[in-house]
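Architecture at a glance
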Amino acid sequence: MSEIAVLKYNEYMSLHFDVYNERYEGQYPNLRYKANVRVKFTGNFSIYAYNTIKMGGLSWAGNMSYPKWTNDSGWIGLNGEINEAMGCSRKKEFTWACSCSGWPNLEGTARLKTPEIAKPTFEASVSDIDINSIVVNGRFKSNPYNLYALRVYDVVNKKYILNKLDGSSKITGLTQNTDYEYYVEPFMADLSGTKLDQKKLTAKTLENYKEILIKSVSFQINQVSDKADNVTINVSTTDDAHVVKTVWGSSGDYRTVNGLSITYENLPKNTEYQMEVYATDTLNRDSVAFRFKFNTTFTYMEVWVFDGYEWDRGYSMLLVNGKYKYCRLYYFDGNNWLPAKTFK
């Protein structure tokens, strides 16, 4: 309830105009403010008259009979209701002429300020950042009476580039490897007035560069026991600075790491591994896989070997190219070939 006018006859009699049941109905551009109006006399008075009370287009007419020393006439509802167009406004002020004719005769003005409509809530983000485009996302989480619109302000170019953002919009024609800044701002639906809020978005377009190729891999082998090694493998590419991650492995067993190296721990000695690696760049492109082999350390074994002229003691080991330097001696027992005894 809210008092919007008091018409004073004298210090003993006043007529009060009051609104109640205030509400908004419809959606912009057909949003309307509605309310009901009632009146009453207060003071210390006596009335015996046929009166007509008006406020704007609302009215009531009838006989009044209040004996001497009445303090409060009680509420009398005017017929009809306030029904005013809000346009594109969060709040408005209305005035109406109001009066009482008969006895007492009164005239005045009723003034009303409507309740303020809440600001909208919204969310905003950037996505799909590319070489020369960025997608700006924005949507209302609440938009009372459809009264608001989202705008996107381009800070670099100092202008609004979108006036009715609702979802996602792709901004094109940008320069690669460049920082951009945008403001997503709610305005009134007719874009009048100033922004009601603001969310800042920043993004940097991607670089346009050649796809990365892997040039080589290198190894660092550390013996951790008589039976196992730790192996660190480093990859060298044509553009190490733009490598985001590398993927290593073989036969469905892969590991992904950030950076250019990986370490495998407790690999058994005397073992050859066949692997591949590929790199992913900042544009989310994968390089061609680079395949390679490596061996953990081989223990030296004393064996009998043939040097082309005679058998003698020697050592067996695996070279980098994967071929054995010496062949293990075998003998035939009449039924099967068996490996010769190993001397340690």
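Residues numbered from 1 in each chain as written. Predicted model: local features only at pLDDT ≥ 70, side-chain atom pairs only at ≥ 80, totals over all residues. Heavy atoms only, no water.

Details of the overall build of the chain
The condition is simple: Starting at the N terminus, helices and strands are each numbered in turn, a helix being any DSSP run of H or I of at least four residues and a strand any DSSP run of E of at least two. Burial status follows relative accessibility: with a 1.4 Å probe on protein chains alone, a residue under 20% of its type maximum counts as buried, one over 50% as exposed, and anything between as partly exposed. It only takes one pair of heavy atoms within 4.5 Å for two residues to be counted as in contact. To measure how exposed things are, a 1.4 Å probe is used in the Shrake-Rupley method; for residues, cover is taken only from the protein chains shown.
When you go through the chain residue by residue, the secondary structure sums to 0 helices and 26 strands. Buried residues in the chain amount to 38% of all 344 residues. The contacts in the chain between residues at least 6 apart in sequence include a share of 55% that link residues at least 24 apart. Summing over all exposed atoms, the chain offers an accessible surface of approximately 20,200 Å²; the carbon and sulfur share of this is 46%.

A look at the side chain of T280
Here is the rule: In protein, a polar contact requires one atom able to donate a hydrogen and another able to accept it; more generally it is a pair of N or O atoms within 3.5 Å, and residues adjacent in sequence count only if both atoms are side-chain atoms.
Inspection of the secondary structure puts T280 in strand β21 (residues 272-281). Side-chain polar atoms of T280 contact the side chain of D286, separated by 2.6 Å. Not counting chain neighbours up to four residues away, the residues in contact with T280 comprise H242, V243, V244, K245, R285 and D286.

Let's talk about the packing of aromatic side chains
Geometrically, a pair of aromatic rings is defined through the distance of the ring centres and the angle of the planes. Selection criterion: Note on aromatic contacts: the rings of Phe and Tyr and the six-membered ring of Trp form a pair at centre separations within 6.5 Å, being stacked when their planes are under 30 degrees apart, edge-to-face when over 60 apart, and tilted otherwise. When the NZ atom of lysine or the CZ atom of arginine is within 6 Å of a ring's centre and also within 35 degrees of its normal, the charge is said to sit over that ring.
Within this structure, the stated rule accounts for 17 aromatic pairs. Summarising the aromatic geometry, the rings of Y180 and Y182 are spaced 6.4 Å apart at their centres and angled 10 degrees between planes, so their arrangement reads as stacked. A connected cluster of aromatic rings, assembled from ring pairs, spans F219, W248, Y273, F290, F292 and F294. One Lys or Arg, R151, reaches over the ring of Y160 and ends 3.8 Å from the middle of that ring. Directly above the ring of Y209 sits R285, whose terminal nitrogen or CZ lies 5.0 Å from the centroid.

So, the sheet that holds strand β13 (residues 167-172)
Our working rule: Between any two strands, at least two bridges found by DSSP are needed for them to pair. Orientation is described by axes fitted as lines to C-alpha atoms, over the contacting stretch for helices, and by angles from 0 to 180 degrees between their N-to-C directions.
Strand order in the open sheet formed by 3 strands is β9-β10-β13, with antiparallel pairing between adjacent strands. Strands with a single pairing partner mark the edges of an open sheet, and in this sheet they are β9 (121-127) and β13. On average, each strand axis in the sheet is inclined to that of its neighbour by 20 degrees, with strand direction left out of account. Where β9 and strand β10 (residues 133-142) come together, 7 bridges link them in antiparallel fashion. Looking across to β10, one finds that T121 is bridged to S142.

A few points about the confidence of the model for the chain
Segments scoring low in pLDDT should not have their predicted coordinates read at a detailed level. Short version of the rule: As a per-residue measure, pLDDT reflects the predictor's confidence and takes values from 0 up to 100.
Averaged over all residues, the pLDDT of the chain is 90; the fraction at 70 or higher stands at 89%. For the stretch residues 318-324, pLDDT sits under 50, and the model shows 10 contacts to residues farther than four places along the chain or on other chains.

A closer look at the environment of L196
In this fold, L196 is placed in the loop between β14 (179-188) and β15 (199-204). Not counting chain neighbours up to four residues away, the residues in contact with L196 comprise R90, K119, P120, Y148, P186, F187 and M188.

Considering the sheet that holds strand β12 (residues 159-162)
Spatially, β12-β11-β14-β15 is the arrangement adopted by the 4 strands of the open sheet, whose pairing is antiparallel. Only two strands of the sheet have a single partner each, and these edge strands are β12 and β15. Averaged over neighbouring strand pairs, the angle between their axes works out to 35 degrees when direction is ignored. One ladder, built from 6 bridges, connects β14 with β15; its direction is antiparallel. Paired with D179 across the two strands is K204, which belongs to β15.

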